[in-house]
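# Chain and residue survey
Okay, here's what each chain looks like letter by letter:
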Amino acid sequence: QVQLVESGGGLVQPGGSLRLSCAASGPIFSIYTMGWYRQAPGKQRELVAHITTGGTTNYADSVKGRFTISRDNAKNTVYLQMNSLKPEDTAVYYCNADVRRHWDIRASAYWGQGTQVTVAS
């Protein structure tokens, strides 16, 4: 089956940086949009950023200018560079990808298991 495995989360002080990675593996024919979502305690999951196959990006207003999403299509990997982190960025970050397997007619959405990001002094 298709798996998305995230890495790079952890504890960082306000103003610090982290880089998240998410690698997709399995019977992949093609990956379309890839993205990052986050969910803070007591809140709904929200979109942080996403990137198309061609590199078009979209960001939540709260992270514009601080976070950068990128992807390596050859490695089926998406990254999230997070700078100038704030306590309100604390959440579990989830990777998402629209993946078409070899035998699929259309793509389906897949999710990673999540990685904790905590911003605190």
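These remarks concern the structure in this document. (Residues numbered from 1 in each chain as written. Predicted model: local features only at pLDDT ≥ 70, side-chain atom pairs only at ≥ 80, totals over all residues. Heavy atoms only, no water.)

### Examining the sheet that holds strand 3 (residues 18-25)
Strand order in the open sheet formed by 4 strands is 1-3-8-7, with antiparallel pairing between adjacent strands. Looking along the sheet, the strands with just one partner apiece sit at the ends: strand 1 (3-7) and strand 7 (67-72). Taken over all neighbouring pairs, the strand axes of this sheet differ in orientation by 15° on average, direction set aside. Bridge analysis of strand 7 against strand 8 (residues 77-82) gives 6 bridges, and the strand direction is antiparallel. If you follow T68 over to strand 8, its bridge partner there is Q81. (Pairing = 2+ DSSP bridges. Helix = DSSP H or I, 4+ residues; strand = E, 2+ residues; numbered from the N terminus. Axes fitted to C-alpha atoms, helices over the stretch in contact; angles between N-to-C directions.)

### Some details on the nonpolar core
Membership of the largest hydrophobic core comes to 32 residues, with the highest contact counts inside it found for W36, L80, M82 and Y93. Those elements giving two or more residues to this core turn out to be strand 3, strand 4 (28-39), strand 5 (46-51), strand 7, strand 8, strand 9 (91-101) and strand 11 (115-119). Ranked by residue count, the leading element in this core is strand 9, at 5 residues. (Core = buried A, V, L, I, M, F, W, Y, C linked by side-chain atoms within 4.5 Å. Buried < 20%, exposed > 50% of the residue type's maximum accessible area, 1.4 Å probe, protein only.)

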